[in-house]
Every structure is written in structure tokens, then in C-alpha cells.
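# Summary of the model geometry
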Amino acid sequence: MKRILLGFLIVFGLVSCKDDIQIIEPINSENNTGPYDEGTQVGMYVNENWFDKKFPGYKKIAIRWYGYGDFNKDGLRDIVTVFASNGTREYNYQDDATKRIVVGVFLNKKTFFKLDTNLVYSELAGWNGANVSDVDNDGDLDIYHMTGGWEGSSRQRPLYYVGNANGAMDSFLFINENNKSLKKIVAPINNNVATIANSIIFDNDKNGYSEIYLSNGDYYDFDGKELIHKKLNIVKRFKGIDYDFRVITPKYADKKNGLVFLASDNFSDTYFVLKVVGNDLIPIIKYDVPFTKSGFTDATNGERDELYVEDLDKDGNVEYIIPSQIFNTTETPCIPYLQIIDSNGNDVTNKFLDSGINNPLKPEQFNASSILSVTGFIFYTFNDIDGDGVKEIFAASGLGYLENNNTYYFKLVNGKYSKVLHNKGWYGNVTNESNKYVTYWPFVDEKNKVIIFHVGEGSIDDVIIRNNF
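Residues numbered from 1 in each chain as written. Predicted model: local features only at pLDDT ≥ 70, side-chain atom pairs only at ≥ 80, totals over all residues. Heavy atoms only, no water.

### Structural notes on the overall build of the protein chain
A count of helical and extended segments in the protein chain gives three helices and 34 strands. When each of the 469 residues of the protein chain is scored for burial, the buried share is 58%. When contacts within the protein chain are restricted to residue pairs at least 6 apart in sequence, long-range pairs at least 24 apart make up 56% of them. For the protein chain, the exposed surface amounts to about 19200 Å²; the carbon and sulfur share of it is 47%. (Helix = DSSP H or I, 4+ residues; strand = E, 2+ residues; numbered from the N terminus. Buried < 20%, exposed > 50% of the residue type's maximum accessible area, 1.4 Å probe, protein only. Contact = heavy atoms within 4.5 Å. Areas by Shrake-Rupley, 256 points an atom, 1.4 Å probe, with all protein chains shown as cover.)

Given below as C-alpha cells:
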């Protein structure tokens, strides 16, 4: 195993039982206080004896699309991820239910993670990420585990498979009961597509329980006991014209602006902002992208990016800051950029972004070595680090905007986003030239000065942890 982080921690372990999953304190918790190493560390610590005994023949494989939140209420961001596989390298497609097992929810203390007591269950044959939210509104964070699927065109139908050729499998919601147990609730997928990482959990009907909104208009309604699979009524007519909406993706939700989706018109250069009203998903804004064959990244099987809705000029109408990519390019990877549109669908990017930062990122600004590299505007793109109520923008997937070997974030000053120094020195170089398929997904704990470059699909020994940036 590569060099490990010799830090100290506070961790809740998770172990499985027949119905619920109990959260317990690790045996050596009394030692989990004190200083921690600074600098860059490689690999997450795992008790090798425990792992080999519990999972003989398995590899410590980490899967992209983690979730995060403050489980133990210490003010630090905790990360939810997964490892353990004896199957194929393909994270979505499994030909045997025992090939990959979810074995970890890892809690954060000074960037250090201990994996010797963990959530363990074998029902899941694929992994497509985790979302963290207080679904039942009881003050404790819950975990929604999303599945991958069976690749129906070339692989034999698995015995556990419950869907059609879309490759869908059941997902799971774990309700946190006072951080003492996690109650597992099945999210039945039935005959629909697999749930994916850009789901949003939000109480749109204001009944005290959040719904889980998926792509393509599916959602789960929770009544405190079970999840009921439902579907939004997608209105495909805008100003008297019918459109062919594709990649209908939940992107943003808050109490003030409600629940917002984005969609393309049949992968063209025309896009829509849609809002959930009751059980209807209604297009409210039509806009065009500034670069042909581009748009928010999910339109090209891209990863979970974000969206920010804010009245930037305080005129009573909100603007939409939309991370996008140019995917019609001979360069690799696709080139990320930001677009800002107003409530009428007008492109107002130049009005709100200083010149110099209103252009697409360059490959060297987001460590681009292949099409599979991080996209530049996903995970921690928007965060209010100064507490003024308006979120700052972090390019390069939360790492900062690279210029002259320093990184910057964008802050709204006098109605326009401008560069503000984030850190001296570039700390985001995580390309893997020896294996272009090893990609990294940044996890940022701004308060604790920590960045974890989580591997997209690979060994947890390849995870990069940067302290005190």
C-alpha cells in the first residue's frame, strides 16, 4: 500500500445486520485527537487484516460520485464513498450480484478516514453514487445510494435483475435514526432507467418529507415509511411550440426558487430551464448556447455538474449560472465554460463576468489529459465562503481558476464577478499520464483546508489527499 495519511480522526463505523445498520464508535476512538500531517498524502487507510478477512479475494476499489455532508455535526464536511470489488472494472455493469459490495461510509476528521468498521451490504450489484440529505427532516443526514445497471445488449440477464433492457436495478435509501442506526428502504426502479448521480433531494410538496428527483422525470415520494415511484408530467410545449426534450436533469433546488431542471431540445443548441409546479415539469425559459454542440455536460454523458440561481443585479428577476461544455472540438477533453442567462433567456454572461474569466477554460487550467478528466465546473463550483449570502464561483471543479501558477475564485463585487486570490501555487495537478482511465473527482473541505482527489474508478491507494492548501 502506498503512503498513508498518519492523522487522527473521529469516525462512526457502520456494520450491517439483517434489517437495519447500526452505527458504532471505533475501538480506538480515544486516540482520535491531536495534530495531523500537512502536505500531500496518497491513499486512504484501511485495516488490511479486517479487509482480507471480511472480503477475501476482493480489491479495494473506489467508485466515483461520492456524497457529502456533516454527519457528526462537528462543522467539517464528511464524505460518503464505496469500495470492494472482485468483478469487472466497469462500475455500472455487473454480471453477478456478489461482484461489488458497498462497504463504506467514511466520516471526516482532519481529512483522515478509517475503514475498519463500515456499512456492509451485498444486495447492490452496481454503484452509481450517493446523495446525502435530511430526507425525513429530523436533523440527521440520510444517504441515498444510487445503482448502476445490467448492460442488456451483450450480457446475460442476471438473476437479480428487475427491469427491462434499460439496465435498471433497485436503489436504497438509508434513513439515519439519531446517528444510532440506518434503516434501509428499497427505492424500486421497476421498468425505468437506472438512477444516476445528478438526482436532487428536495421537499417540493412541503409535506415534511423530501422527494428524490431523478433524470427523465422520475421521482420517489417518501411518506416516512416507504418510497413510492412516481413520474412528473413533462410539459413539452413552450410558447405554442412542441419540443423534443432530452436529458431532463434536476439541477437546483432551494426554498426561494423551488426545483429547477435543465433539458436540451434533442441535443441541439437550444436548451430549456424547467420548473416543477405540483406534479408538472414546465419549461419557463428557452435559451441558446454560445458555442455550437455544447451545453450543460449531462447532454454528452457528462458528470454531475451544478447550477446556481441568484438575483445578481437585485432587479427582482433571477439569473441562472450554468456550467457547460464545448463537446464539438478536436481537443481533448471537452472544454468547460460558464453561461449566465436571465429570466428571459438572454445570454448576460458578459454583464456579470469580468473579461478574462468569461471565456472557456484552457485544458491546463483543469488538468485535462483525456476526455475522462474532471470537467472544470462540477462539485463545489458554488459556495458562499464569506457568508454574505451570495455564492462564490470555483472553477476547475472547486479547485480554483489557474493563472500564473496561482488559483482564484470569482466573487460578485459591485454586480460583477471578479477574480479573488484563493491560494498561491497550483495544488490541483492530479492527472495520471500512465493510465488515462484513472480520473479524479475533487472533494473540498474549505473550512478545514483539505482537498481529496477521489479516484473515479480504481484503488483507494490512488486517492490523493492535500492538507493545508
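Picking up where we left off.
### A short note on the pattern of salt bridges
A complete count under the given rule lists ten salt bridges for this structure. Asp-218 is the partner of Lys-231 in a salt bridge, and the nearest nitrogen-oxygen pair spans 2.4 Å. Highlighted residues: Lys-231 in strand 14 (residues 227-231) and Asp-218 in strand 13 (residues 218-222), separated in sequence by 13 residues. Residue Lys-231 is classed as partly exposed on the basis of its relative accessible area of 46%. A relative accessible area of 2% means that Asp-218 is categorised as buried. For Lys-411, the salt bridge is made with Glu-392, and the minimal N-O distance between the two is 3.7 Å. A residue pair is termed long-range when its members are at least 10 positions apart, and Lys-411 in strand 29 (residues 406-413) and Glu-392 in strand 27 (residues 392-393) qualify at 19 residues. The same class applies to Lys-411 and to Glu-392, which are both buried. Residues joined in a network through salt bridges with shared partners are Asp-386, Asp-388, Glu-392 and Lys-411. (Salt bridge = Lys/Arg side-chain N within 4 Å of Asp/Glu carboxyl O.)

### Looking at the pairing of strand 19 (residues 258-265)
The element strand 19 is extensively covered by neighbouring structure, given that eight of its eight residues are classed as buried. As paired elements, strand 18 (residues 245-254) and strand 19 share seven bridges and run antiparallel to each other. Looking at the pairing, Pro-250 lines up with Phe-261 of strand 19. Count of turn residues in the strand 18/strand 19 antiparallel hairpin: three residues. Direction of pairing for strand 19 relative to strand 20 (residues 270-277): antiparallel, over a ladder of five bridges. Bridging across to strand 20, Ser-264 finds its partner in Tyr-271. (Pairing = 2+ DSSP bridges.)

### Quick notes on the nonpolar core
Within the largest apolar cluster, 67 residues are counted, with the highest numbers of intra-cluster contacts made by Val-273, Tyr-287, Tyr-320, Ile-321, Ile-322, Ile-393 and Tyr-417. Core analysis: the next-biggest nonpolar cluster, separate from the first, contains 16 residues, Tyr-213, Phe-238, Leu-274 and Leu-281 among them. (Core = buried A, V, L, I, M, F, W, Y, C linked by side-chain atoms within 4.5 Å.)

### Describing unusual backbone geometry
Although it is not a glycine, Lys-206 adopts a positive phi angle of roughly 55 degrees. By secondary structure assignment, the location of Lys-206 is in the loop between strand 11 (200-202) and strand 12 (211-213). Positive phi values are uncommon outside glycine, yet Asn-266 reaches one of about 55 degrees.

### Topic: the pairing of strand 29
Of all eight residues in strand 29, seven are buried, a share of seventy percent or more. Two strands pair when backbone bridges link them, and strand 28 (residues 401-403) and strand 29 are joined in this way by three bridges, in the antiparallel orientation. Residue pairing across strands places Glu-403 opposite Asn-406, the latter belonging to strand 29. Hairpin connection between strand 28 and strand 29: a loop of two residues separates the two successive antiparallel strands, and Asn-404 in this loop has a positive phi of roughly 55 degrees. From the end of strand 29 to the start of strand 30 (residues 416-424), which pair antiparallel, there are two residues, and Asn-414 there has a positive phi angle of about 55 degrees.

### Section: the sheet that holds strand 11
Strand pairing in a sheet takes place through backbone hydrogen bonds and is either antiparallel or parallel in direction. Read across the open sheet, the four strands follow the order 11-12-13-14; overall the sheet is antiparallel. The sheet is open, and its two edges are formed by strand 11 and strand 14, each paired on a single side. When the angles between neighbouring strand axes are averaged without regard to direction, this sheet yields 25 degrees. Of the pairings in the sheet, the one linking strand 12 to strand 13 comprises two bridges and is antiparallel in character. Directly across from Ile-212, in strand 13, lies its bridge partner Tyr-220. (Axes fitted to C-alpha atoms, helices over the stretch in contact; angles between N-to-C directions.)

### Description of the side chain of Asp-342
Position of Asp-342 relative to the elements: it lies in the loop between strand 25 (335-341) and helix 2 (349-352). In this structure Asp-342 is buried but unpaired, with Lys-351 as the nearest side chain of opposite charge at 6.8 Å. Within the structure, Asp-342 has its side chain in polar contact with the backbone nitrogen of Asn-344 (distance 2.9 Å). Side-chain polar atoms of Asp-342 contact the backbone nitrogen of Asn-346, separated by 2.9 Å. (Lys, Arg positive; Asp, Glu negative; His and termini not counted. Polar contact = N/O pair within 3.5 Å; in protein donor to acceptor, adjacent residues only side chain to side chain.)

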